[in-house]
Amino acid sequence: MGVLKRFDDFVSNLKETDRICIFFDPDPDGISAAVIANKAIERLRGRKADMVMYQEHGDLEIKEENIAKLKSNGINKIFIMDLAVDQYPEKVREVSEFAEICILDHHKVYNDLNSERIVHLKPQMFDSEEPSSYITAKMSYDLFMKHVDISDMDWLAAVGILGDAAWRRWKDFVGEVCKRYGIDFNKLLESKIGNVMRLIASAPEFGFGVIAECFDVVSNAKSFEDVERSSLVKYRDIIGNEMYRFMKEFKRNAETHDDVIFFFMRSKYSVGSTLSTRMSFKQPDKTVIVIQDAGEDFYRVSLRRQDFKVKVNDLVSEATKDLENASGGGHVPAAGGRIMKRDLERFKSNILRILGKA
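Residues numbered from 1 in each chain as written. Predicted model: local features only at pLDDT ≥ 70, side-chain atom pairs only at ≥ 80, totals over all residues. Heavy atoms only, no water.

Structural notes on the overall build of the chain
For step 1, the next point in the chain: Check the secondary structure of the chain and you find 14 helices and 11 strands.
For step 2, the next point in the chain: For 358 residues, the compact-globule estimate of 2.2 N^0.38 gives 21 Å, and the chain sits close to it at 20 Å.
For step 3, the next point in the chain: Taking all 358 residues of the chain together, 54% fall into the buried category.
For step 4, the next point in the chain: The contacts in the chain between residues at least 6 apart in sequence include a share of 63% that link residues at least 24 apart.
For step 5, the next point in the chain: Between the centroid of the 54 positive side chains of the chain and the centroid of its 58 negative side chains there is a distance of 3 Å. (Helix = DSSP H or I, 4+ residues; strand = E, 2+ residues; numbered from the N terminus. Rg over C-alpha atoms; globule rule 2.2 N^0.38 Å. Buried < 20%, exposed > 50% of the residue type's maximum accessible area, 1.4 Å probe, protein only. Contact = heavy atoms within 4.5 Å. Lys, Arg positive; Asp, Glu negative; His and termini not counted. Charge placed at Lys NZ, Arg CZ, Asp CG, Glu CD.)

So, in structure tokens, the structure goes:
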């Protein structure tokens, strides 16, 4: 049986009595995908998911305390959105012992988890184009649309598409959204789509405790304007000022090795990922690596390369594989991970060695 048919069967068998959890990555794509799924579930069975769950962005191994929460809440069906949990298959299989799982994700395939209790969908399993561009929000929108009318959520799918820089792949779809809502396709980043994407992105960047508020705001929104008028504005303004400061520092203090750029930063806000994205679009032929000290026991690393000449997901995986308590992964043009603070120089040396710059 194909994975798409298995998804259809999973959704068709949802019951009002099921205890459903949506577990998502707190970034614009993951949040958009989760809200779309939650709307579809509500329309299919008469009420939303019983529980939503998330961890720090990039934290892929399902934590023991969250497994305990799933059990204590009697969860028996779980949708996992935009998380490459297949990097830690033993945790997923542990959860599947008490709950059926459906995973929608567009990262690299690390392990195929499809089984009697797990439906595991990645674009590589059913789509021939570049898999990372079939972002989770669009996948969630497309797959659930076969079961229930969620066409009024097209604007949120477009937000997810922009959040993961996949608008080239989905030019026709985003173009139709722009036409419907009176938006200039040629000015996406300055449009309502871009503004809402930044509002959603800034909430988890501000702090983990704001994610629930962000999810509620987006869940209750019926349009771009509802999000633009929401409480998320204050977080966007704070994060925007922080981003402006570090963009200036990047230009002054970045460490360059041919086409590899390292930048070290300290901030209590999780802005390293967005900073690396912005600076890489300014220099698409460079491998941009932002290393952030957020006051934790480890450094967060964000890697970008917009001309696709370096697969940064493979690069970070290789550079961290011999480092203790380190991890990394993501997409060809955008990836992230973490390293112990003591391993900073080893990590940088590994990067330069792998790329032949040492």
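Still to come is the rest of the account.
Describing the sheet that holds strand S1 (residues 20–24)
For step 1, the next point in the chain: What the five strands build is an open sheet, ordered S2-S1-S3-S4-S5; its pairing is parallel. Only two strands of the sheet have a single partner each, and these edge strands are strand S2 (51–54) and strand S5 (118–121). For this sheet, the mean inter-axis angle between neighbouring strands, taken without regard to orientation, is 15 degrees.
For step 2, the next point in the chain: Where strand S4 (residues 100–104) and S5 come together, four bridges link them in parallel fashion. Bridging from a neighbouring strand, Leu 104 pairs with Leu 121 of S5.
For step 3, the next point in the chain: Taken strand by strand, helix H1 (residues 3–12) contacts strand S3 (77–81), S4 and S5, and its axis lies near 130 degrees from that of S5.
For step 4, the next point in the chain: Contacts from helix H4 (residues 89–96) reach S3, S4 and S5, with the element oriented near 140 degrees to S4. (Pairing = 2+ DSSP bridges. Axes fitted to C-alpha atoms, helices over the stretch in contact; angles between N-to-C directions.)

Thoughts on the side chain of Asn 313
For step 1, the next point in the chain: For Asn 313, the location among the structural elements is in helix H13 (residues 312–320).
For step 2, the next point in the chain: The exposure class assigned to Asn 313 is buried, which follows from its relative accessible area of 5%.
For step 3, the next point in the chain: At 3.4 Å, the side chain of Asn 313 and the backbone oxygen of Gly 330 are in polar contact.
For step 4, the next point in the chain: Not counting the four nearest positions on each side in its chain, Asn 313 is found in contact with Lys 108, Gly 329, Gly 330, His 331, Val 332 and Ala 335. (Polar contact = N/O pair within 3.5 Å; in protein donor to acceptor, adjacent residues only side chain to side chain.)

Some thoughts on the nonpolar core
For step 1, the next point in the chain: Judged by nonpolar contacts, the single largest core of 66 residues is most densely connected at Phe 7, Ile 22, Phe 24, Phe 79, Leu 156, Val 159 and Ile 193.
For step 2, the next point in the chain: The dominant element in this core, judged by the number of residues it contributes, is helix H2 (residues 28–45), at eight residues.
For step 3, the next point in the chain: Contact partners of Ile 193, with chain neighbours within four places excluded, come to Ala 158, Val 159, Leu 162, Val 174, Val 177, Cys 178, Ile 183, Leu 188 and Phe 224.
For step 4, the next point in the chain: Residues Leu 60, Ile 62, Ile 80 and Ile 118 belong to the second largest nonpolar core, which totals 21 residues. (Core = buried A, V, L, I, M, F, W, Y, C linked by side-chain atoms within 4.5 Å.)

Remarks on the sheet that holds strand S6 (residues 255–257)
For step 1, the next point in the chain: Across the sheet, six strands lie side by side as S6-S7-S8-S9-S11-S10; this open sheet has mixed pairing. In this open sheet, the two strands that pair with only one neighbour each are S6 and strand S10 (327–330). The average angle at which neighbouring strand axes cross in this sheet is 15 degrees, direction not considered.
For step 2, the next point in the chain: Examined bridge by bridge, strand S9 (residues 298–304) and strand S11 (residues 334–340) share seven bridges and lie antiparallel to one another.

Concerning the environment of Ser 12
For step 1, the next point in the chain: Positionally, Ser 12 belongs in helix H1.
For step 2, the next point in the chain: Separated by 135 residues in sequence, Ser 12 and His 147 have C-alpha atoms that sit 7.7 Å apart.
For step 3, the next point in the chain: At a separation of 2.8 Å, a polar atom in the side chain of Ser 12 contacts the main-chain carbonyl oxygen of Asp 8.

A closer look at the packing of aromatic side chains
For step 1, the next point in the chain: For the coordinates displayed, the defined rule picks out 16 aromatic pairs.
For step 2, the next point in the chain: Measuring from centroid to centroid gives 5.3 Å for Phe 264 and Tyr 299, while their planes differ by 85 degrees, and the two rings are edge-to-face. Of the two residues, Phe 264 is situated in strand S7 (residues 260–266) and Tyr 299 in strand S9; the sequence distance between them amounts to 35 residues.
For step 3, the next point in the chain: Here Tyr 299 falls in the buried class, since its relative accessible area comes to 9%.
For step 4, the next point in the chain: Grouping aromatic residues by their ring pairs yields a cluster made of Phe 7, Phe 10, Phe 79 and Phe 144.
For step 5, the next point in the chain: The ring of Phe 298 carries Arg 338 above its face, with NZ or CZ at 4.4 Å from the centroid. (Phe/Tyr/Trp six-rings, centres within 6.5 Å; stacked < 30°, edge-to-face > 60°. Lys NZ or Arg CZ within 6 Å of the ring centre and 35° of its normal.)

With respect to the environment of Phe 173
For step 1, the next point in the chain: Secondary-structure assignment places Phe 173 in helix H7 (residues 171–181).
For step 2, the next point in the chain: Look at Phe 173 and you get buried, because its relative accessible area is 17%.
For step 3, the next point in the chain: Along the sequence, Phe 173 and Pro 26 sit 147 residues apart, while their C-alpha atoms lie 24 Å from each other.
For step 4, the next point in the chain: Setting aside anything within four residues of it in sequence, one finds Phe 173 in contact with Lys 138, Tyr 141, Asp 154, Ala 157, Ala 158 and Ile 161.

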